[in-house]
Amino acid sequence: MMSIATNLQQVRQRIETAKQQYGRVADTVKLLAVSKQQPAAAIREAYAAGLYAFGENYLQEALLKQKQLQDLALEWHYIGSIQTNKAALLAENFTWVHTLSRLKEAEKLNLKRPVHLPPLNCCIQVNVSYEDSKSGLAPKDVALLAEQIQAYPHLRLRGLMAIPAYTLDFNSQRQQCHALLSLYLELRKTYPELDTLSVGMSNDLEAAIAEGATLVRIGQAIFGSREET
Ligand SMILES: *Cc1c(COP(=O)(O)O)cnc(C)c1O
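Residues numbered from 1 in each chain as written. Predicted model: local features only at pLDDT ≥ 70, side-chain atom pairs only at ≥ 80, totals over all residues. Heavy atoms only, no water.

Visitor: Account for the overall build of the protein, naming residues and giving values.
Guide: Summing up its helical and strand segments, the protein has nine helices and eight strands in all. Computed over its C-alpha atoms, the radius of gyration of the protein comes to 17 Å, within 12% of the 17 Å expected for a compact globule of 229 residues. Expressed as a percentage of the 229 residues in the protein, the buried residues total 52%. Of all intrachain contacts in the protein linking residues separated by at least 6 positions in sequence, the fraction that spans at least 24 positions is 58%. Split by element, the accessible area of the protein, about 11000 Å² in all, is 51% carbon and sulfur. Across the protein, the 24 positively charged side chains and the 23 negatively charged ones have centroids separated by 4 Å. (Helix = DSSP H or I, 4+ residues; strand = E, 2+ residues; numbered from the N terminus. Rg over C-alpha atoms; globule rule 2.2 N^0.38 Å. Buried < 20%, exposed > 50% of the residue type's maximum accessible area, 1.4 Å probe, protein only. Contact = heavy atoms within 4.5 Å. Areas by Shrake-Rupley, 256 points an atom, 1.4 Å probe, with all protein chains shown as cover. Lys, Arg positive; Asp, Glu negative; His and termini not counted. Charge placed at Lys NZ, Arg CZ, Asp CG, Glu CD.)

This is how it looks when you write it as structure tokens:
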């Protein structure tokens, strides 16, 4: 078993190499460590190795780990599917939500975001693979939701997010990421303040960086395979 610090070093190297290869050296590509199904101890180890931003998919699991890790200055990102009846817990305990795809979710999160906290950073999740099973908004509907979010003072739209269909084919990975990039560039004509393209996971981070990712969400390449833990 590789240590988290060793894995992290390799992931950072992959990011650097991709940035050089695809002309992105001057850009910041933020690394979000996806810690779902990992114990608090693994997050502690990752923090010691230099990571501070963590992504979680399951609310109850995330809240438990947040409690266990209260002593660390961590930034929590929610990347799971949103249940509107739990919007308060989400709005109270996270800095970012990457998976906004319905007006109702935006409405609830805005309502429940505590006023003493800064606005909740949000990305709209887009379905770029046209698979029925994938969640996210159809590309044609993104502009309308982006406009609607502007009305919510406790939400701050930062950009777009996608989970491309799993494939090891680099061209197919790039195609899906490119669809997201096109949409993002179009949206930025209306909202030039957008700064986040959240795409790229352990198996496709190079394709994502080639297609403009500003934040990659990496789980297994940092923590090891979830099946074995
Ligand atoms: C699990 C997950 C990731 C990380 O995937 P890895 O293959 O472990 O890198 C990224 N984004 C989302 C939304 C996830 O659910």
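Right, picking up where we left off after that structure.
Visitor: Please set out unusual backbone geometry residue by residue, giving values where relevant.
Guide: Glycine aside, residues mostly have negative phi, and peptide bonds are mostly found in the trans state. Of note, Q37 is a non-glycine position whose phi angle comes to about 65°, a positive value. Within the element layout of this structure, Q37 appears in the loop between β1 (30-34) and α2 (40-48). For Q37, a relative accessible area of 42% puts it in the partly exposed group.

Visitor: Talk me through the site of the ligand; I want residue IDs and the actual numbers.
Guide: Around the ligand, the structure places 13 residues, and the nearest of them are K36, N57, S202, Q220 and R226. At a separation of 2.7 Å, an oxygen atom of the ligand approaches a polar side-chain atom of K36. The contact in question runs from an oxygen atom of the ligand to an N or O atom on the backbone of G219, over 2.8 Å. About the coverage of the ligand: the protein hides 91% of its 390 Å² of free accessible area. Here the shell around the ligand is built from residues that sort into six nonpolar, four polar and three charged. (Near = heavy atom within 4 Å. Polar contact = N/O pair within 3.5 Å; in protein donor to acceptor, adjacent residues only side chain to side chain. Nonpolar A, V, L, I, M, F, W, Y, C, P; charged D, E, K, R; others polar.)

Visitor: Can you tell me about the pattern of salt bridges, naming the residues and giving the values?
Guide: Taken as a whole, this structure holds 12 salt bridges when the rule is applied. We note a salt bridge from E61 to K65, for which the minimum N-O separation is 2.7 Å. A residue pair is termed a helical-turn pair when its members lie 3 or 4 positions apart in one helix, as E61 and K65 do in helix α3 (residues 59-68) at four residues. Relative accessible area serves as the criterion here: at 22%, E61 is assigned to the partly exposed category. The network of salt bridges with shared partners includes E56, E61 and K65. (Salt bridge = Lys/Arg side-chain N within 4 Å of Asp/Glu carboxyl O.)

Visitor: Got a sec to walk through the side chain of N7? Specific residues and values, please.
Guide: Tracing the backbone through its elements, the reader meets N7 in helix α1 (residues 4-21). Under the relative-accessibility criterion, N7 is labelled buried at 10%. For N7, the residues in contact, after removing those within four places along its chain, are M2, A221, I222, F223 and G224.

Visitor: Give me the lowdown on α2, citing residues and values where you can.
Guide: Every buried residue belonging to α2 is among A40, A42, I43 and A46, and all of these are buried. Buried residues of α2, viewed axially, fall in a sector of 155°; they line one side. Turned more than 90 degrees off the buried face of α2, the exposed positions are A41 and A48. (Arc of directions from axis to C-beta.)

Visitor: Tell me what's going on with α1, and back it up with residues and numbers.
Guide: Relative to the 26 Å expected for 18 residues at 1.5 Å per residue, α1 spans 25 Å between its end C-alpha atoms, a close match to the ideal helical length. For α1, the complete set of buried residues consists of I4, N7, L8, V11, I15, A18 and K19. Buried residues in α1, looked at end-on, bunch into an arc of 115°, giving them a common side. Opposite its buried face, α1 presents the exposed residues Q9, Q20 and Q21, each directed more than 90 degrees away. (Expected span 1.5 Å × (residues − 1).)

Visitor: For the pairing of β1, give the residues involved together with the corresponding values.
Guide: Buried residues dominate β1, accounting for five of its five residues. Of the two faces of β1, the one lined by K30, L32 and V34 and the one lined by L31 and A33 are each fully buried. Sheet topology places β1 next to strand β8 (residues 215-218); four bridges connect them, and they run parallel. Looking at the pairing, K30 lines up with L215 of β8. Handedness of the crossover joining β1 and strand β2 (residues 53-56) through α2 is recorded here as right-handed. (Pairing = 2+ DSSP bridges. Right-handed = clockwise from strand over helix to strand, strands pointing away.)

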